[in-house]
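Observations on the model geometry
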Amino acid sequence: MSAAVGVVVVTYRSAPVLPALLASLADAGSNPIELVVVDNSPEDDGVEALVAAFPGARLVPSRDNPGYGTAANRGIRALSPEVRWAVIANPDVVVAPHALDALLAGAERHPDAGSLGPLIRDPDGTVYPSGRNLPSLRTGVGHAAFVRVWPRNPWTRRYRNDRELRERGVGWLSGAFLLVNRAAFERIGGFDEDYFMYFEDVDLGRRLTKAGHGNYYIPAAEVTHTGAESTRHAPRAMIVAHHRSAYRYLASKYHGWYLWPLRVVLRIGLAFRARVARG
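Computed from a prediction, not measured in an experiment: that's the story for all the values here. (Residues numbered from 1 in each chain as written. Predicted model: local features only at pLDDT ≥ 70, side-chain atom pairs only at ≥ 80, totals over all residues. Heavy atoms only, no water.)

Regarding the overall build of the protein chain
Of regular secondary structure, the protein chain possesses 10 helices and 12 strands. Taken against the 2.2 N^0.38 rule, which gives 19 Å for 279 residues, the C-alpha radius of gyration of the protein chain at 18 Å falls within 12% of a compact globule. By principal-axis analysis of the C-alpha atoms, the protein chain measures approximately 55 × 45 × 40 Å. Counting across all 279 residues of the protein chain, residues that qualify as buried make up 50%. Carbon and sulfur atoms make up 57% of the accessible area of the protein chain, which totals about 13000 Å². Treating the 33 positive side-chain charges of the protein chain as one cloud and the 27 negative ones as another, the clouds have centres 12 Å apart. (Helix = DSSP H or I, 4+ residues; strand = E, 2+ residues; numbered from the N terminus. Rg over C-alpha atoms; globule rule 2.2 N^0.38 Å. Buried < 20%, exposed > 50% of the residue type's maximum accessible area, 1.4 Å probe, protein only. Areas by Shrake-Rupley, 256 points an atom, 1.4 Å probe, with all protein chains shown as cover. Lys, Arg positive; Asp, Glu negative; His and termini not counted. Charge placed at Lys NZ, Arg CZ, Asp CG, Glu CD.)

Have a look at this one:
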């Protein structure tokens, strides 16, 4: 029998969308699946019964809602020791047939891989830019300033890196559905738990790269992300969380003491952008 692949799903009031993900896992790959669901919901909303119906699945209640990355780390730790490859997934994802097999085949082609990600489609079939370059200060500021009014500006194009739907190394991959080399993931400490939500996947890609591992976009594997099921319950709070995480990422990248004026400007600029985004 092939070695089991771990699948860690982080949920938050996600009972309406979780059945579609669980059903899609049946045809996702030829390896057996060890499923762990980490539920960040303050109370059980039906997820427990759904997990109980999935053969061999385990539920990890996490009622304190520590955030996406922390919950994912708890899920990885709950997997059996022999699991070498693990998917970290949002609950509102539907996996195309054989997508896990395609990702694992990519891992064989890239023995240095720390993470691999599929082609992600939105519900209308359009391709989401899920394999991106790591944001520099210039591209990050240009993207943030112009993406709403000039979607194809040069900074956004450079950052999203979405022109080529081919297998390639990238700076980071979307945490909506991400296959990680468990040993590499644990060696760098998993997700940085100081991120509540957003940018934990950007930070993971950066730290895997620094540790000598590659991040690979594998478009032969496909999933559909039906969209923001967990975050829709508190959209204004999520806008704030996104901008706080953006500041944390950039401040950690440009951390020298002599760069404190830059960090002040970034904090003020991102706070202003968050206020505008909240309306």
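Quick notes on empty space enclosed by the protein
Overall, the coordinates contain one cavity of 30 Å³ or more when judged by the stated rule. In this structure, the largest cavity encloses a volume near 50 Å³. In terms of residue class, the lining of the largest cavity is made up of five nonpolar, three polar and four charged. (1 Å grid on protein atoms, 1.4 Å probe; cavity = no way out; pocket = protein on both sides within 12 Å on 5 of 7 lines; lining within 4 Å. Points joined across faces, edges and corners; volume = space filled by probe spheres on them. Nonpolar A, V, L, I, M, F, W, Y, C, P; charged D, E, K, R; others polar.)

Describing helix 5 (residues 137-146)
Listed as buried for helix 5 are Thr139, Gly142 and His143. The buried side chains of helix 5 occupy one side of the element, clustering within an arc of 100° when seen end-on. Where helix 5 is buried, its residues touch helix 6 (154-160). (Arc of directions from axis to C-beta. Contact = heavy atoms within 4.5 Å.)

Quick word on helix 8 (residues 200-210)
With respect to burial, helix 8 is a largely interior element, nine of its 11 residues being buried. In the segment just after helix 8, Gly212 is the residue with positive phi, at about 95°.

Side note on the pattern of salt bridges
According to the stated counting rule, one finds 12 salt bridges in the structure shown. Among the salt bridges present, the one from Glu186 reaches Arg182, with a minimum N-O distance of 3.2 Å. A residue pair is termed a helical-turn pair when its members lie 3 or 4 positions apart in one helix, as Glu186 and Arg182 do in helix 7 (residues 182-187) at four residues. According to the relative accessible area criterion, Glu186 is partly exposed, its value standing at 41%. For Arg182, a relative accessible area of 8% puts it in the buried group. Between Asp203 and Arg207 there is a salt bridge, and its shortest N-O distance comes to 2.8 Å. In this pair, Asp203 and Arg207 are both assigned in helix 8, four residues apart and thus about one turn of the helix distant. Across the pair, exposure class does not vary: Asp203 and Arg207 are buried alike. (Salt bridge = Lys/Arg side-chain N within 4 Å of Asp/Glu carboxyl O.)

Some details on unusual backbone geometry
Non-glycine residue Asn161 carries a positive phi angle of around 55°. Here Asn161 lies in the loop between helix 6 and strand 9 (168-170).

Focus on the domain arrangement of the protein chain
Size of an interface, as often reported, equals the accessible area lost when the parts are brought together. Partitioning the protein chain into structural domains gives domain 1 (5-134 + 171-230) and domain 2 (235-277). Placing the centre of domain 1 and that of domain 2 at their C-alpha centroids yields a distance of 26 Å. Taken together, the contact between domain 1 and domain 2 spans 11 residues of the former and nine residues of the latter. Carbon and sulfur atoms make up 64% of the surface buried where domain 1 meets domain 2, a total of about 1000 Å² over both sides. Broken down residue by residue, the surface that domain 1 buries against domain 2 is led by Tyr198, Phe199 and Arg206, which jointly contribute 50%. (Domains from an automatic or database assignment. Buried area = accessible area lost by both parts, 1.4 Å probe.)

A short note on the packing of aromatic side chains
Throughout the structure, instances matching the rule amount to seven aromatic pairs. Seen in terms of ring centroids, Phe146 and Trp150 are 6.1 Å apart; in terms of plane orientation they differ by 75°. Their pairing is edge-to-face. Taking relative accessible area as the criterion, Phe146 reaches 33% and is therefore assigned partly exposed. We classify Trp150 as partly exposed; its relative accessible area is 42%. (Phe/Tyr/Trp six-rings, centres within 6.5 Å; stacked < 30°, edge-to-face > 60°.)

Notes on the nonpolar core
Counting 36 residues, the largest nonpolar core has Val9, Leu25, Leu35, Val95, Leu116, Phe177 and Leu179 as its most contacted members. Here this core takes six residues from helix 4 (residues 99-109), the largest share from any one element. Aside from chain neighbours lying at most four places away, what touches Leu179 is Val5, Trp85, Ala86, Val87, Leu103, Leu104, Gly114, Ser115 and Leu116. Tyr68, Leu79, Phe185 and Leu204 belong to the second-largest nonpolar core, a separate cluster that totals 24 residues. (Core = buried A, V, L, I, M, F, W, Y, C linked by side-chain atoms within 4.5 Å.)

Here we look at a positive patch on the surface
A surface patch of positive charge is lined by Arg138, Arg157, Arg158 and Arg163. Mapping Arg163 onto the fold places it in the loop between helix 6 and strand 9. (Patch = residues over 30% accessible without salt bridge, like charges linked within 9 Å, V, L, I, M, F, W, Y side chains within 5 Å.)

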